[in-house]
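Okay, here's what each chain looks like letter by letter:
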Amino acid sequence: MKLKAVLLLSLIFINAHSIAADKFGIVIHGGAGTIKKENLTDEKLEAINTALTKATEAGYNALENGESSLDAIAIAINILEDSPIFNAGLGAVYTYDGLHALDASIMDGATRNAGAIAGVAHIKNPIELARAVMDKSVHVMLSGAGAEEFAIQQGFDLVPADYFDTPHRYEAWKKARQRLAEAKTVEQQASVYLQDDFRYGTVGAVALDKNGNLAAGTSTGGMTAKRFDRIGDSPVIGAGTWADNTSCAVSATGHGEYFIRNHVAADICARVKYQNKSVKTAAEEVIQDVLKPIGGTGGVIVIDAQGNFTMEFNTPGMYRAVKTTDKKLEVGIFAKN
């Protein structure tokens, strides 16, 4: 009798696993903020749509071909990092001193292993170095010169600092420096950093592969005119990135200080895991009910092990796209497309 019960449970497990394996998909974002249609030319809208489509299709194709969720999100994020449109990789913003300091993180939902880098200035695709930290070091987060020394040991080719220079980010930097110079108090300086033009553009991806494994990754150039080696939420596991097969995978974008203080990415998955809430409900509660009342603005993309996903934000827009076995490619920019 016990043997029959064991065999029955085994069959149920195998069937459940095969059902899960039938579903896979990827969700990406390219930053959230005060994104208004009147401020975007037709050419810019087309460029954004093209970049988001290219990244999503590439990630989805990898999943369709049996590649892992980790590989899929890295492929998608690489494409976004190589675009000057987004505040990550090539399109990274300038620091207060006119330099670039890039952050990234990645997490494996199957093992909860993770890797992150912060404040690097010569890494073309920061998400790749974050993954190398996860796969090939005993640490979770490396920063600055140490992270780049590790990169050299791992065979990465460093790029010159001016690789990340772009005219539109330079103009934003000059504007931010001028406003900071005019600020008389710490409170006034803080209000400058609260302006949307200086805070947004982070990219990220979450995915579910054919084996039922989740993964999440996030990459950013940080905040325009940031000072004192400031680090935001993107490389902080649990704040900007989280993945756990027993709950969900999350990548965040927004005002990093609020996402760090409220442990946003992990909080969403904890609500899914311990309160049995859907990813949509959990994300909505955290983004709208926890963050928004205290001034925290931004958004998240989330996917669970059943392929359910959501793209939640409390700003006028968020660059985003999704494609799953149950959902045809959909690209969005504004709150109502």
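Provided above is the structure to which this section pertains.
Residues numbered from 1 in each chain as written. Predicted model: local features only at pLDDT ≥ 70, side-chain atom pairs only at ≥ 80, totals over all residues. Heavy atoms only, no water.

1. Brief notes about helix α2 (residues 42-64)
In plain terms, the rule: Comment: elements are numbered from the N terminus, with helices defined as DSSP H or I runs of at least four residues and strands as E runs of at least two. A helix is expected to span 1.5 Å for every residue after the first. Here the term buried applies to any residue with accessible area under 20% of the maximum for its type, exposed to any over 50%, and partly exposed to those in between, with areas from a 1.4 Å probe on protein chains only.
With 23 residues, α2 ought to run about 33 Å at 1.5 Å a step, and its terminal C-alpha atoms sit 32 Å apart, in line with that. Every buried residue of α2 is listed here: L45, I48, A51, L52, T53, A55, T56, G59, Y60, A62 and L63. Count one or two residues on from α2 and you reach G66, which has phi positive near 90°.

2. Section: the side chain of N87
Checked against the element boundaries, N87 lands in the loop between α3 (69-81) and β2 (102-108). Take N87: its relative accessible area is 1%, and that puts it in the buried class.

3. A short note on the sheet that holds strand β1 (residues 25-33)
Heads up, the rule is: Between any two strands, pairing holds if DSSP finds at least two bridges. Every axis corresponds to a line fitted to the C-alpha atoms, with the helix fit spanning only the stretch in contact, and the corresponding angles, defined between N-to-C directions, vary from 0 to 180 degrees.
Spatially, β4-β3-β2-β6-β5-β1-β11-β12 is the arrangement adopted by the 8 strands of the open sheet, whose pairing is mixed. Looking at the sheet topology across the chains shown, the edges are occupied by β4 (141-143) and β12 (327-334). Averaged over all neighbouring strand pairs, the angle between strand axes comes to 5°, with direction disregarded. One ladder, built from 6 bridges, connects β2 with strand β6 (residues 214-220); its direction is antiparallel. Across the sheet, residue I106 finds its bridge partner in β6, namely G217.

4. Looking at the environment of A216
To be explicit about the condition: Pairs of residues are marked as contacts when any of their non-hydrogen atoms sit within 4.5 Å.
Mapped onto the fold, A216 is located in strand β6. In this structure A216 comes out as buried when scored by relative accessible area, which is 0%. Between the C-alpha atoms of A216 and I26, which are 190 residues apart in sequence, the distance is 9.8 Å. Not counting the four nearest positions on each side in its chain, A216 is found in contact with I73, S105, I106, M107, A205, V206, T241, W242, A243, A249 and V250.

5. Brief notes about the packing of helix α9 (residues 264-275) against helix α10 (residues 279-291)
Put simply, the rule reads: Should an angle lie under 35 degrees it is considered roughly parallel, over 145 roughly antiparallel, and from 65 to 115 roughly perpendicular; all remaining angles are considered oblique. A crossing counts as left-handed when the near helix is turned anticlockwise from the far one by less than a right angle, and as right-handed when that turn is clockwise. Residue type decides the class: Asp, Glu, Lys and Arg count as charged, Ala, Val, Leu, Ile, Met, Phe, Trp, Tyr, Cys and Pro as nonpolar, and the leftover types, Gly among them, as polar.
In contact at an axis separation of 8 Å, α9 and α10 are set at 135° when each is read in the N-to-C sense. It follows that α9 is oblique to α10 by the angle criterion. Where α9 crosses over α10, the two elements pack in a sense that is right-handed. Facing α9, whose interface residues are V264, D267, I268, R271 and V272, α10 presents V279, A282, A283, E285, V286, I287, V290 and L291. Residue composition of the contact of α9 with α10, by class: 10 nonpolar, no polar and 3 charged.

6. Regarding helix α4 (residues 126-136)
Most of α4 sits inside the fold, with 8 of its 11 residues counted as buried. P126, I127, L129, A130, R131, A132, V133 and M134 are the residues of α4 that are buried. The inward-facing, buried residues of α4 contact α3, β2, β3 (114-120), β4, α5 (144-153) and β6.

7. Some details on the pairing of strand β8 (residues 248-254)
Note on strand geometry: in a regular strand, side chains alternate between the two faces of the sheet. Along β8, 7 of the 7 residues are buried, which leaves the element largely enclosed by surrounding structure. If you look at the hairpin formed by strand β7 (residues 241-243) and β8, you'll find 4 residues sitting between the two strands. With 7 bridges connecting them, β8 and strand β9 (residues 298-304) associate as antiparallel partners. Its bridge partner being in β9, G254 is matched across the sheet by G298.

8. What to know about the nonpolar core
The nonpolar side chains of a soluble globular protein tend to be buried, and buried together. Convention followed: Nonpolar cores were defined as sets of buried Ala, Val, Leu, Ile, Met, Phe, Trp, Tyr and Cys residues, with membership established by side-chain atoms within 4.5 Å.
Counting residues in hydrophobic clusters, the biggest one holds 50 residues, and the most contacted among them are I28, L52, F86, I117, L129 and Y319. Once residues lying within four places of it in the same chain are set aside, the contact partners of Y319 are I28, H29, G30, G31, I35, L40, I48, L52, F86, G332 and I333. With 37 residues, the next largest nonpolar core counts A114, V272, V286 and I303 among its residues.

9. As for the pattern of salt bridges
Our working rule: Salt bridges are counted wherever a side-chain nitrogen of Lys or Arg sits within 4 Å of a carboxyl oxygen of Asp or Glu.
Evaluation of the coordinates by the stated rule reveals 14 salt bridges. The residue R131 makes a salt bridge to D135 at a minimum N-O spacing of 3.4 Å. Within this pair, R131 and its partner D135 are both found in helix α4, separated by 4 residues, close to a single helical turn. For K174, the salt bridge goes to E171, with nearest N and O atoms at 3.3 Å. With K174 and E171 both in helix α6 (residues 167-182) and 3 residues apart, the pair spans about one turn of that helix. Given a relative accessible area of 37%, K174 falls into the partly exposed group.

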